[in-house]
Every structure is written in C-alpha cells, then in structure tokens.
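# Residue-level structure breakdown
Here is how the chains run, residue by residue.
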Amino acid sequence: MRRRSRPSSVLRLAVKGGAAAALAAAVAVPLARRRFKIHPTVTVAACAGGPLALAVLTPRTKKRDVALFSLQMWAFTMAHEIPFDDPERLRERLKSRYPIALDRRIGGGSLPNARLQRAFRHLPRNGAFNRTLAWAHWVWFFEPYLALALILVRHGERFPSSARKLAAVFDIGCLVYFAVPTAPPWWSSEHGLTGEEVERVMVEVGEQTWGPAWERLFRTFDGNPWAAMPSLHFATAVTAALFLSEAGKVEGALGWGYAGTLGFALVYLGEHYVTDLIAGAALVALVRRGEPLVEPLVEGVNRGLRHLERIATG
C-alpha cells in the first residue's frame, strides 16, 4: 500500500501564506473600507474569508470552534453596516410602507406599537416597566453568546451545531438587509408615514439611565437603523431558546422566557413591527428545516478545508 506523499514545502508555504493573508484581510479590509472606498463586494468577500482561513491554519479544537464563530460574528457586524455606508443611496431603496400595512391588519386598524404605547402611557417613562423592557433590549447584545457559552461549557458536543444554526440566522438575515432595506416603526413615525405616533421609548430611557455615556453607546450599537426586517433580535433569541431547550428544561425555560419578553419589548419600544418578529421566527424555521438539505454542501466545504489544513500543517 503506497504511503500518501507529503506536500512540498513550496505548496505548504503558499497555502499557509494565502490563508494568513485572507485572515488579515478579514480584519483589515472592513475597517479600512470607508477610508479607501473599498467596494462592498470586496469587503463582504474579505469578511467571509476569515473563518475559512482560520480553519485552514489551525486544527480543529473547541478553541478553534469558538474562534471561528467569533470571526463569523465579526464578519456579520461589519457586513450589516455596509449598506448604511452610503445612506443617500440606501434611502432610494428603503421600504417603509409594507410593514405598516401588514401590522395595521394585525392590530385591527392600528399599529400594535401604538396600541401598546397608548396602553402603558400612564406609567412613568423612566419607571420600572420601561426600564425593564429597555434592559431586555440591551441585554440582547450579549444573550445569544451567553447562551452559546453555556452550551459550550455544559454540553460541549452540541456547540458546533448550535453555533452553526445561530450563524446561519445572522447571515441570512444580513442578506435580506442588503436586498430589502426596511425602516423600523419609530423611523417611519418620525417621518410621518405611520399615521399615528410611535415613539422610540428606549432612547429616552437610555438618556436617563446612562447619562452622558448614552450618546456614545447609542452610536456604537446603532450601525444600520434600516436593518429591521427580519428582526434578528427576535430570531436569534428564539434560536438560542431552541438550542437551550435541547440542552435541558431549565435552560429552555430561561431561553423562552427571555425570547418572549424581548419580543414584547421590541414592539412596545417601537424598535420593530410584529411583522418583523414573524419574519424572524420564519427565518429560524427556515434554517432548521433547511439544515439537512445543505448538509452535503457543508460537508463538501469541510472536506476541502481539511485537505488544505493537512497541506498547511504538513
């Protein structure tokens, strides 16, 4: 039986060098895109190459799995901001009326956002009710990742599958943001499109809660205000609730409790339409139903990456 020949040193250096360059580009290109006016397609391609490059450079371990997901989330964060790099051009494609029409049907002639805000208008703006719902929104910036961390620590064998599903929800949602930029209810209300007032409650609560630090925090986390459909806040919270439920009853109860609270908060705070939440839930179902269908493609990519990894590591 013939032994498999080792790759030449030239080929090994070429593969390692190419992967290292791709990894560096995944970080540098999106940071430099505005300064050097890099085309969005180039930026997205550079972001997408980062996780693939890391898979070539390092053997698979739990640490690498975590690093791959971290690079994936870096790519998503950068990519979802790209359409808003040119607000005027994006504004030409902005959709705002279709979710208003759909939500008005859901709300029986009035937007659910406006109905909820009228129902609780008597409560103090910076009282416990509004602060709790605002915090439910702010906590989202950590909740999916804390849920994944719990899976990693207590159910490590489930981490790759859970991380893959969460990443798919983020990525497909980002594609929709590019294709169909949609305004949130607070923005449409400010521009007189809703026919009834929908306030952005979170901003006022944030100003009173965080004081002078609020403006900087707000700019940091509000990279693309026209990325509203589908609601990835809700979709990723539901995804986390599902994989937490698979891990245990207590974990699942915590996950679903948070997802339900967040869904209510997003509508009440004026951040999303109910239609956005429904689309987010549909996205989760699409990812879970579609996973077996794309499994052969994923396995093919993995085989190719393992081959390149063997070359790179000698």
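Residues numbered from 1 in each chain as written. Predicted model: local features only at pLDDT ≥ 70, side-chain atom pairs only at ≥ 80, totals over all residues. Heavy atoms only, no water.

### Here we look at the packing of helix α7 (residues 128–139) against helix α11 (residues 201–210)
How we decide: Between N-to-C directions, angles span 0 to 180 degrees; the directions come from axes that are lines fitted to C-alpha atoms, helices contributing only their stretch in contact. Counting from the N terminus, the helices are DSSP H or I runs at least four residues long and the strands are E runs at least two residues long. Roughly parallel covers angles under 35 degrees, roughly antiparallel covers those over 145, roughly perpendicular covers 65 to 115, and oblique covers all other angles. It only takes one pair of heavy atoms within 4.5 Å for two residues to be counted as in contact. Polarity classes work like this: nonpolar for Ala, Val, Leu, Ile, Met, Phe, Trp, Tyr, Cys and Pro, charged for Asp, Glu, Lys and Arg, and polar for all others, with Gly in that last group.
Running from N to C, α7 and α11 point in directions that differ by 95°, and their axes come no closer than 10 Å. Comparing the axis directions of α7 and α11 gives the class roughly perpendicular. Only V201, M202, V205, G206, T209 and W210 of α11 make contact with α7, whose side of the interface consists of N130, R131, A134, W135, H137 and W138. Classifying every residue of the contact of α7 with α11 gives seven nonpolar, four polar and one charged.

### Examining the pattern of salt bridges
Heads up, the rule is: Any Lys or Arg side-chain nitrogen located within 4 Å of an Asp or Glu carboxyl oxygen qualifies as a salt bridge.
Under the defined criterion, the tally for this structure stands at 16 salt bridges. Overlapping salt bridges bring together R33, R34, E81 and D85 as one network.

### Thoughts on the side chain of E81
Rules: The cut-offs for exposure are 20% and 50% of the maximum accessible area for each residue type, with area from a 1.4 Å probe on protein chains only; residues under the lower value are buried, those over the upper are exposed, and the others partly exposed.
Mapped onto the secondary structure, E81 falls in helix α3 (residues 62–81). Relative accessible area serves as the criterion here: at 14%, E81 is assigned to the buried category. For E81, the contacting residues outside a window of four places in its chain are R33, R34, G223 and N224.

### Let's talk about helix α5 (residues 97–106)
Stated precisely, the cut-off is as follows: Here the arc refers to the directions that run from the helix axis out to each C-beta atom.
Turning to α5, its buried residues number three or more, namely P99, I100 and D103. One side of α5 holds all its buried residues, which, seen down the axis, span an arc of 100°. The outward face of α5, more than 90 degrees from its buried face, is lined by the exposed residues R97 and R105. Those residues of α5 hidden inside the fold are in contact with α6 (112–119), α10 (185–190) and α15 (274–313). Backbone geometry just downstream of α5 places G108 in the positive-phi region, at approximately 65°.

### Remarks on the state of the cysteines
Defined as follows: In this description, the term disulfide denotes a pair of cysteine sulfurs within 2.5 Å.
Evaluated as defined, the whole model comprises zero disulfides. Looking at the unpaired C47, the closest cysteine sulfur is the one in C174, lying at 9.3 Å. The class for C174 is buried, based on a relative accessible area of 7%.

### So, the side chain of N224
Structurally, the position occupied by N224 is in the loop between α12 (214–221) and α13 (232–247). Taking the relative accessible area as the measure of exposure, N224 reaches 7% and is therefore buried. Apart from residues lying up to four places away in sequence, N224 is in contact with H80, E81, P83, F84 and L90.

### So, the packing of aromatic side chains
Our working definition: Two rings from Phe, Tyr or Trp (for Trp, the six-membered ring) form a pair when their centres are within 6.5 Å of each other. A pair whose planes differ by under 30 degrees is stacked, one over 60 is edge-to-face, and the rest are tilted.
Taken as a whole and assessed by the stated rule, the structure comprises 17 aromatic pairs. Both rings, one in F120 and one in F129, keep their centres 4.5 Å apart while their planes meet at 25°; by these two values the pair is stacked. Looking at F120, the relative accessible area reads 23%, which means it is partly exposed. Between W135 and W210, the aromatic rings sit 5.5 Å apart at their centres with planes inclined by 50°, giving tilted as the arrangement. Taken together, the positions of W135 in helix α7 and W210 in helix α11 put the pair 75 residues apart, joining distant regions of the chain. We classify W210 as partly exposed; its relative accessible area is 34%. Cluster of aromatic residues (ring-pair linked, three or more members): W135, W138, W210, W214 and F218.

### Overview of the layout of surface pockets
Where we set the bar: Both site types are read off a 1 Å grid over the protein atoms alone. A 1.4 Å probe that fits but cannot get out defines a cavity, while an open set with protein on both sides within 12 Å along at least five of seven lines defines a pocket; lining residues have an atom within 4 Å of a point. Grid points are joined across faces, edges and corners, and a volume is the space filled by probe spheres set on the points.
Taken as a whole, the largest pocket encloses approximately 1,600 Å³ of empty space. The wall of the largest pocket is formed by 41 residues, among which L52, Q72, R164, A167 and D171 lie closest to the centre. Elements with a contribution of two residues or more to the lining of the largest pocket: α2 (40–57), α3, α9 (159–179) and α15. Sorting elements by how many residues they give to the lining of the largest pocket places α15 first, with 14 residues. By volume, the second largest pocket amounts to about 820 Å³. Looking at the second largest pocket, it is lined by 34 residues, and the ones nearest its centre are W140, F141, F221, D222 and H233. Of all the secondary structure elements, the ones that give two or more residues to the lining of the second largest pocket are α3, α7, α11, α12 and α13.

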